[in-house]
Amino acid sequence: MTDDRDLPPDLEALDRDLRGIQFRPRGSLGPEVLGRLRRGERSKGAVPPRRSRPALVALAASLVLAAGVALMLRAPGTVTVDRCCYDLDGGGDSDDGVVIFAERDAEVHQLRIYEDLDRSGAFTAGDLIRLDRGASPAMHEAAAEGLVTIEHCCVDFDGGGPADDGLLVLGVPPDRVIMAAIYERPAGDATRASAPGGFLLR
Amino acid sequence: MSATPERPAAAQHPPSDQGEALCREWYEAHGVAVYNYFRFHVPHVDVAEDLTAETFLKVVRAVDRFDPARGSPKAWILTVARNVLADWRRRARIRQYVSLGTMHDLVFEAPSPEERVLREEEVGRLLDAVATLADADRELVGLRYGSGLDTAEVAQLLGISEGSVRTRLWRVLGRLRGAMSR
């Protein structure tokens, strides 16, 4: 490459290694961006246009009404969410997943942390279950020495729509998981991740 | 999309369908470069995806500010991406971020799962070393290797000469090599 014709020879290997790194975004990201654009979604940094006070009052009233209607019309029922692959047991490999059986955007009925042994990217019968809990996010066993906290945020873990949920895991590396729970990031919090203090663990 | 100096027809005041067409065209041409730029800076796939989406939303809304006489669409989009990253860093500083990344988006035709793991570890070590660099150094590495801009494009984007880009890049690579040997 003519661009680097003068690159010192001792840096060539590192240059080659860096050039060799390439990531591929998931195929659905492009359509997702177009969808957001189509819905007229503003970027987070955009300054909202000025509105007159009566217009703001009307807008607020319509938003309240829309929220009420949305709540009434929201599809009831349970969802099963399977997210993979993270390092949730502290083992150092991103080969763990979580399966959550929950009321949509509400209480969790079952939460399972698994090791994706077959690298299928989803829970299968051959995977190793590290934790299997019911509705309560209580400790699976007594706290042990070397306990670490692993947090992953923000993903849609409860099928409620936006990627606004965090997953909190307590474990002892490299393979013990003692507690796992999800929490919802408060509405309006512009940060991507939040410490779970004060949040309702589900 | 080529870097020809003609202003895109949709770039005047695009109605929504033209804006959408432009977004699709630019995402197809430069989406991977923007995503890779972010992946050199953030270890989390979902954050990189979010920042990429954010960048293209901003790009379409600000398209009438794009001046092809001042650079290619790719360089302009990456300028927007740099601002998006800077905004994200400001917000991320507010709270502690304890999260671990994954590399399932790494392009690597592995002959076996074990070799893929080894490759992920190797790339992880390299990017961990990149993360120890000063912001300006990381920026240079992200633009050059993440987004794949050539020296001239990096020079234009940073407002410095091509010679300066080369010199700075060699120094950064030297520091990176030092960081990796520690």
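The following paragraphs examine the structure supplied in this document. Since the structure is predicted, the reported quantities are computational estimates derived from the model, not experimental observations.

Quick notes on the rules
Residues numbered from 1 in each chain as written. Chains lettered and ligands numbered in written order. Predicted model: local features only at pLDDT ≥ 70, side-chain atom pairs only at ≥ 80, totals over all residues. Heavy atoms only, no water. Helix = DSSP H or I, 4+ residues; strand = E, 2+ residues; numbered from the N terminus. Buried < 20%, exposed > 50% of the residue type's maximum accessible area, 1.4 Å probe, protein only. Contact = heavy atoms within 4.5 Å. Areas by Shrake-Rupley, 256 points an atom, 1.4 Å probe, with all protein chains shown as cover. Pairing = 2+ DSSP bridges. Axes fitted to C-alpha atoms, helices over the stretch in contact; angles between N-to-C directions. Parallel < 35°, antiparallel > 145°, perpendicular 65-115°, else oblique. Nonpolar A, V, L, I, M, F, W, Y, C, P; charged D, E, K, R; others polar. Core = buried A, V, L, I, M, F, W, Y, C linked by side-chain atoms within 4.5 Å. Disulfide = S-S within 2.5 Å. Phe/Tyr/Trp six-rings, centres within 6.5 Å; stacked < 30°, edge-to-face > 60°. Lys NZ or Arg CZ within 6 Å of the ring centre and 35° of its normal.

**Some thoughts on the overall build of chain A**
Right, so step 1: Looking only at helices and strands, one finds three helices and seven strands in chain A.
Right, so step 2: Sequence-ordered secondary structure for chain A, helices as α and strands as β, is α-α-α-β-β-β-β-β-β-β.
Right, so step 3: Here chain A holds 202 residues, and the buried ones make up 39% of them.
Right, so step 4: The long-range fraction of contacts in chain A, counting pairs at least 24 apart against all pairs at least 6 apart in sequence, stands at 45%.
Right, so step 5: In the structure as shown, chain A presents an accessible area of about 10,700 Å², 58% of it carried by carbon and sulfur atoms.

**Let's talk about the sheet that holds strand S2 (residues 96–103) of chain A**
Residue and element names in this part refer to chain A.
Right, so step 1: Reading across the sheet, the four strands line up as S1-S2-S3-S4 and stay open at both edges, with antiparallel pairing between neighbours. Because the sheet does not close on itself, it has two edges, and the strands there are strand S1 (78–86) and strand S4 (128–133). Direction aside, neighbouring strands of the sheet carry axes that sit 15 degrees apart on average.
Right, so step 2: As paired strands, strand S3 (residues 108–115) and S4 are joined by five bridges and run antiparallel to one another. Pairing of Arg112 across the sheet is with Asp132, part of S4.

**Considerations on the packing of helix H6 (residues 151–158) of chain B against helix H7 (residues 162–181) of chain B**
Residue and element names in this part refer to chain B.
Right, so step 1: Where H6 meets H7, the closest approach of the two axes is 8 Å, and the angle between their N-to-C directions is 105 degrees. Here H7 runs roughly perpendicular to H6, going by the angle between their axes. Counting all contacts with H6, which are made through Thr151, Ala152, Val154 and Ala155, the residues of H7 involved are Glu162, Val165 and Arg166.
Right, so step 2: Across the contact of H6 with H7, the residue classes break down as four nonpolar, one polar and two charged.

**What to know about helix H5 (residues 135–146) of chain B**
Right, so step 1: Among the 12 residues that make up H5 of chain B, 10 are buried, leaving the element largely enclosed by the rest of the structure.
Right, so step 2: Residues of H5 of chain B that are buried: Asp137, Arg138, Glu139, Leu140, Val141, Gly142, Leu143, Arg144, Tyr145 and Gly146 of chain B.

**Some words on the nonpolar core**
Generally speaking, nonpolar side chains in soluble globular proteins are found buried as a group.
Right, so step 1: Leu18 and Ile21 of chain A together with Trp26 and Phe38 of chain B are the most contacted members of the largest nonpolar core, which totals 63 residues.
Right, so step 2: Judged by nonpolar contacts, the second largest core, of 17 residues, contains Ala102, Val108, Leu111 and Leu167 of chain A.

**Concerning the state of the cysteines**
Residue and element names in this part refer to chain A.
Right, so step 1: In the structure shown here, the tally under the stated rule is two disulfides over all chains.
Right, so step 2: Across a sulfur-sulfur distance of 2.1 Å, Cys84 and Cys85 are joined as a disulfide pair. The S-S bond linking Cys84 to Cys85 shows a torsion near 95 degrees; that makes this disulfide right-handed.

**Points about the packing of aromatic side chains**
Think of a pair of aromatic rings as described by two things: how far the centres are apart, and how the planes are tilted against each other in angle.
Right, so step 1: Here the structure, examined in full by the defined rule, presents six aromatic pairs over all chains.
Right, so step 2: Ring geometry for Trp26 of chain B versus Phe66 of chain B: centroids 5.6 Å apart, planes at 80 degrees, classification edge-to-face. With Trp26 of chain B in helix H1 (residues 16–39) and Phe66 of chain B in the loop between helix H2 (45–61) and helix H3 (73–92), this pair connects stretches of sequence that are 40 residues apart.
Right, so step 3: Classification of Trp26 of chain B by relative accessible area gives buried; the value is 1%.
Right, so step 4: Taken together, Trp26, Phe66 and Trp76 of chain B form an aromatic cluster joined through their ring pairs.
Right, so step 5: Sitting over the ring of Phe23 of chain A, Arg39 of chain B keeps its end group 4.3 Å from the ring centre.
Right, so step 6: When the ring centre of Tyr145 of chain B is taken as reference, the NZ or CZ atom of Arg144 of chain B above it lies at 5.9 Å.

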